[in-house]
Amino acid sequence: MDTVTLTIDGREISVAKGTTVLQAAIESGINVPYYCYHPGLGVDGNCRVCLVKIEKMPKLQVSCSITASDGMVVHTGTPDVVKARAGVFEFLLLNHPLDCPVCDKGGECPLQDFSYSFGPDASRNEFPRRVFDGEGVKADVDFGPTLMLNRNRCIMCTRCIRFMREIDGDAQIGVLTRGNSSEIATFEEKGIHSILSGNLMDVCPVGAITTRDYRFKSRPWDNPSAVDTICTQCEKGCNTTAWLRAKPEWAKGAQLVRFTPRLNADVNQFWMCDIGRFTYHWIESDQRLTRPIVSDGQGQQAASWNQALDRLRDVLNGAGDQVRFLLSAHASHEELFVFAKLGQALLGDKAQHAFDVAWTVSAKAQPANTKFVVPPVDAPNVAGAKMLGLVGEVEGAPTLAGLQQAVSASVKVLYVFDPGPAGSLGDTSWIIAARKAGQIGTLIVQGVLMTDLAAAADIVLPGAAFIEKDASYTNHQGRLQFASRAFPAPGEALDATSAMPPVPRCGPPLPRRCPARPVSPASPTPRSGTRATRRTGCSRATRPSGSSGTRCSRTCRR
């Protein structure tokens, strides 16, 4: 790689050829303010706050538009630079409202930080500020189905315009009028209609553009935890950050308040789509499954894990080879592997014909020249299911014709696993109808939501969503990525890898786990006949009939 060497504030720095002076300063940890510059967008150079002095150049230069060259000597803190920069800040803040305490960007606003560090210490404003749409609450206007706009806060950096033109591919935003009356607007005030609209809040360096979903919900100091993870709403696998808002001290746990994109140049750059950004409320909805459910003569009843797993074990042991599995492509590698092992233990070589994997496909309306394409597949791990041999090459969504044919001839047990949002398996009404018609002997559903399918099941096991477990997925590029656990699953819900029934029929017996205290993968191999003071695993595959509760009553080994 060709490099150039320049000097910034007395420090000799080597950077790649073609790097701008501002980028060189940022990469070297030298603090230079900027607003219109964004590493994912083209250079505009209109905010003028990144001024620097370059030797052998007669005037101060805008560092974001000057390419670094060999031998260049740059100064960022000379008196003339400091004075000019403070004057630019005063100009930018001339009409900016003094509403930082109520602004949604408060606490993570570069304008606050840079104006404090580089701006003037007092204002000379002795005239009324310019107002576009009103003041206070009236200043917030509709900017589309997902966004709100406050033009009074806008500093005309044009990042939003460049994002829509360069990344989205549809230049829906423009500048109206000139001079002091310039304002950001859309055609006939129709607002932004794009699947990438939420990124405008990220690129806006002030509180001019905010999202309807997050505004007035939380402040940075209310979010004590931000967990780096990935999005599982499609097969792109965007790298994201999950923000958790602390609940009051009398409440339990934290609340998921937003998702924002995280830089990964090979997957999603700086961006994410609105589906992954805003479609997360199902994770903490009232439809979450929190306890196992077992049906009896009086309908579905809440049960303990031991009761549910005992029933499940008996059902699977009595089904012979009449067991079919329907798995969602929202399942992680670890979950798919555990189910594959379960199927092999039950069915032996016949297991390869007992699995079906389902996902949905939906068209995403995007301009033809967009640089951020959202894939049509609405599941994160289709490539992982193919890699494990659970599904072949399928164009679009799978038809499940083989499963439907098997069900029409009747199956004793259908085990459905779906850790995704409602509808992630596609149309399941035919399964419900087959269960009512008696074509399915026992319907088992393990998932996160009380869907219509779960309501028709004989055994329901509560599972963990992607943000509630450490898991891995393979995106459509074949790239292995990892999701991180941000908070525990609600109630008694468990990750599938911690709550699988040991019901082997082929091969040696498998030890049964107590779901109340699952075995850690890092635990040493138990010694035969050794008693442990801490119960982490159970030595028998059977338990006394009639016993119940979440605490295991059998002899347990370490």
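Here the structure is shown first, and the text comes after it.
Quantities reported herein were computed from a predicted structural model and do not represent experimental measurements. (Residues numbered from 1 in each chain as written. Predicted model: local features only at pLDDT ≥ 70, side-chain atom pairs only at ≥ 80, totals over all residues. Heavy atoms only, no water.)

Colleague: Just checking my understanding: could you explain the overall build of the protein chain for this structure?
Modeller: Broken down by element type, the protein chain carries 12 helices and 24 strands. Within the protein chain, buried positions represent 52% of all 558 residues. In the protein chain, the share of contacts with a sequence separation of at least 24, taken over all contacts with a separation of at least 6, comes to 65%. Of the roughly 26,100 Å² that the protein chain leaves accessible, carbon and sulfur atoms contribute 51%. (Helix = DSSP H or I, 4+ residues; strand = E, 2+ residues; numbered from the N terminus. Buried < 20%, exposed > 50% of the residue type's maximum accessible area, 1.4 Å probe, protein only. Contact = heavy atoms within 4.5 Å. Areas by Shrake-Rupley, 256 points an atom, 1.4 Å probe, with all protein chains shown as cover.)

Colleague: Would you mind showing me how to read the packing of aromatic side chains here?
Modeller: To describe a pair of aromatic rings, you give the distance between the ring centres and the angle between the ring planes. What the rule picks out here adds up to 14 aromatic pairs. Consider the rings of tyrosine 35 and phenylalanine 89, whose centres lie 5.9 Å apart with planes at 80°: the pair is edge-to-face. Pair noted here: tyrosine 35 is in the loop between helix H1 (21-27) and strand E3 (51-54) and phenylalanine 89 is in helix H2 (residues 79-92), with a separation of 54 residues, a long-range link. Like tyrosine 35, the residue phenylalanine 89 is buried in the burial classification. Grouped by ring-pair contacts, the aromatic residues Tyr34, Tyr35, Tyr37, Phe89, Phe114 and Phe118 constitute a single cluster. Over the face of the ring belonging to tyrosine 214 we find arginine 258, whose NZ or CZ atom lies 4.3 Å from the ring centre. The positively charged end of arginine 258 is found above the aromatic ring belonging to tryptophan 243, 4.4 Å away from the centroid. (Phe/Tyr/Trp six-rings, centres within 6.5 Å; stacked < 30°, edge-to-face > 60°. Lys NZ or Arg CZ within 6 Å of the ring centre and 35° of its normal.)

Colleague: Would you mind showing me how to read the environment of alanine 406 here?
Modeller: Tracing the chain through its elements places alanine 406 in helix H10 (residues 401-408). The sequence separation of alanine 406 and arginine 324 amounts to 82 residues, and the corresponding C-alpha distance is 8.5 Å.

Colleague: Would you mind showing me how to read unusual backbone geometry here?
Modeller: If a residue is not glycine, its phi is most likely negative; likewise, a peptide bond is most likely trans. The backbone of threonine 177 sits at a positive phi, close to 55°, despite the residue not being glycine. Despite not being glycine, phenylalanine 216 has its phi angle at roughly 65°, a positive value. Residue placement: phenylalanine 216 occurs in the loop between strand E10 (209-211) and strand E11 (225-230). According to the relative accessible area criterion, phenylalanine 216 is exposed, its value standing at 55%.

Colleague: When you look at helix H11 (residues 429-436) in this model, what are you seeing that I'm missing?
Modeller: Each turn of an α-helix holds 3.6 residues, which means side chains three or four residues apart point in the same direction. Three or more residues of H11 are buried, namely Trp430, Ile431, Ile432 and Ala434. Taken together, the buried residues of H11 touch strand E16 (323-328), H10, strand E18 (411-418), strand E19 (440-447) and helix H12 (452-455). At the C-terminal side of H11, glycine 438 shows a positive phi close to 85°.

Colleague: When you look at the nonpolar core in this model, what are you seeing that I'm missing?
Modeller: In a soluble, globular protein the nonpolar side chains are often hidden away together inside. Ranked by size, the top nonpolar core spans 84 residues in total, and within it Leu6, Tyr35, Ile173, Leu200 and Ile283 carry the most contacts. Not counting chain neighbours up to four residues away, the residues in contact with leucine 6 comprise Arg11, Glu12, Ile13, Val15, Ala24, Ala68, Ser69, Met72 and Val74. Counting 40 residues, the second largest nonpolar core, distinct from the first, contains Leu312, Val391, Val413 and Ala499. (Core = buried A, V, L, I, M, F, W, Y, C linked by side-chain atoms within 4.5 Å.)

Colleague: Just checking my understanding: could you explain empty space enclosed by the protein for this structure?
Modeller: Counted according to the given criterion, the structure contains six cavities of 30 Å³ or more. Estimated volume of the largest cavity: approximately 90 Å³. Lining of the largest cavity is provided by 14 residues; of these, Cys154, Cys157, Cys160, Cys204 and Ala208 occupy positions nearest its centre. Here the lining of the largest cavity is composed, by residue class, of 12 nonpolar, one polar and one charged. (1 Å grid on protein atoms, 1.4 Å probe; cavity = no way out; pocket = protein on both sides within 12 Å on 5 of 7 lines; lining within 4 Å. Points joined across faces, edges and corners; volume = space filled by probe spheres on them. Nonpolar A, V, L, I, M, F, W, Y, C, P; charged D, E, K, R; others polar.)

Colleague: Just to check I follow, could you spell out the sheet that holds strand E12 (residues 239-246) for this structure?
Modeller: Hydrogen bonds along the backbone pair up the strands of a sheet, which may run parallel or antiparallel. Judged by pairing direction, the sheet is antiparallel, and its three strands sit side by side in the order E11-E12-E13 without closing on themselves. Pairing within the sheet leaves two strands with one partner each, and these edge strands are E11 and strand E13 (254-261). Strand after strand, the sheet turns through a mean of 30° between neighbouring axes, direction not considered. Of the pairings in the sheet, the one linking E12 to E13 comprises seven bridges and is antiparallel in character. From the neighbouring strand, tryptophan 243 faces E13, where its bridge partner is arginine 258. (Pairing = 2+ DSSP bridges. Axes fitted to C-alpha atoms, helices over the stretch in contact; angles between N-to-C directions.)

Colleague: What is the right way to look at the side chain of threonine 229 in this model?
Modeller: Structurally, the position occupied by threonine 229 is in strand E11. Excluding its chain neighbours within four sequence positions, the residues that come into contact with threonine 229 are Cys238, Asn239, Thr240, Ala242, Phe259, Arg262, Ile467, Phe482, Ala483 and Ser484.

Colleague: Even after reading the chapter, I still don't get the packing of H2 against helix H3 (residues 110-118), so can you show me in this structure?
Modeller: Taken N-terminus to C-terminus, the directions of H2 and H3 make an angle of 140°; their axes are 10 Å apart at the nearest point. With respect to H3, the axis of H2 lies oblique. When the axes of H2 and H3 are compared, the crossing they make is left-handed. Of H3, the residues touching H2 (which contributes Arg85, Ala86 and Phe89) are Phe114, Ser115 and Phe118. (Parallel < 35°, antiparallel > 145°, perpendicular 65-115°, else oblique. Left-handed = near helix turned anticlockwise from the far one by under 90°.)

Colleague: What exactly am I supposed to notice about the sheet that holds strand E15 (residues 299-302) here?
Modeller: With respect to topology, seven strands assemble into an open sheet ordered E15-E14-E20-E19-E18-E16-E17, the strand pairing being mixed. Each edge of the sheet is formed by a strand with only one pairing partner; in this case those strands are E15 and strand E17 (355-358). The mean inter-strand angle of the sheet, taken between neighbouring strand axes irrespective of direction, is 20°. Relative to strand E20 (residues 459-462), strand E14 (residues 293-296) is paired through two bridges, and the arrangement is antiparallel. Paired with valine 294 across the two strands is isoleucine 459, which belongs to E20. On the sheet, helix H8 (residues 333-347) packs against E16, E17, E18 and E19 and is oriented at approximately 175° with respect to E16.

Colleague: Sorry, what's going on with the layout of surface pockets here?
Modeller: Picture a little ball the size of a water molecule; that probe, rolled over the atoms, points out where space is still empty. The space that makes up the second largest pocket amounts to roughly 640 Å³. In this structure, the second largest pocket is lined by 24 residues; those nearest its centre are Lys105, Glu108, Pro110, Arg159 and Asp202. For the lining of the second largest pocket, the elements supplying multiple residues, two or more each, are H3, helix H5 (199-203), E12 and E13. Top element by residues in the lining of the second largest pocket is E13. It accounts for three residues.

Colleague: Got a minute to help me understand helix H7 (residues 305-317) in this structure?
Modeller: Here H7 contains 13 residues, and its C-alpha end-to-end distance of 18 Å stays within 8% of the 18 Å for a straight helix at 1.5 Å per residue. Listing the buried residues of H7 in full gives Trp305, Asn306, Ala308, Leu309, Asp310, Leu312, Arg313, Val315 and Leu316. On its buried side, H7 packs onto E14, E16, H8, E18, E19 and E20. (Expected span 1.5 Å × (residues − 1).)

Colleague: What am I meant to see in the pattern of salt bridges here?
Modeller: One side chain can pair with another of opposite charge once the charged atoms of both are near each other. In this structure the tally under the stated criterion is 24 salt bridges. With a closest N to O distance of 2.5 Å, arginine 212 and aspartate 142 form a salt bridge. On the criterion of sequence distance, the pair formed by arginine 212 in the loop between E10 and E11 and aspartate 142 in strand E6 (residues 140-142) is long-range, its members being 70 residues apart. Relative accessible area serves as the criterion here: at 36%, arginine 212 is assigned to the partly exposed category. On the basis of relative accessible area, aspartate 142 is assigned to the partly exposed category, the value being 47%. Across the pair lysine 190 and glutamate 188 runs a salt bridge, and its minimum N-O distance is 3.6 Å. You can call glutamate 188 exposed: its relative accessible area is 57%. Counted as one network, the salt bridges with shared partners bring together Asp133, Arg151, Glu183 and Glu189. (Salt bridge = Lys/Arg side-chain N within 4 Å of Asp/Glu carboxyl O.)

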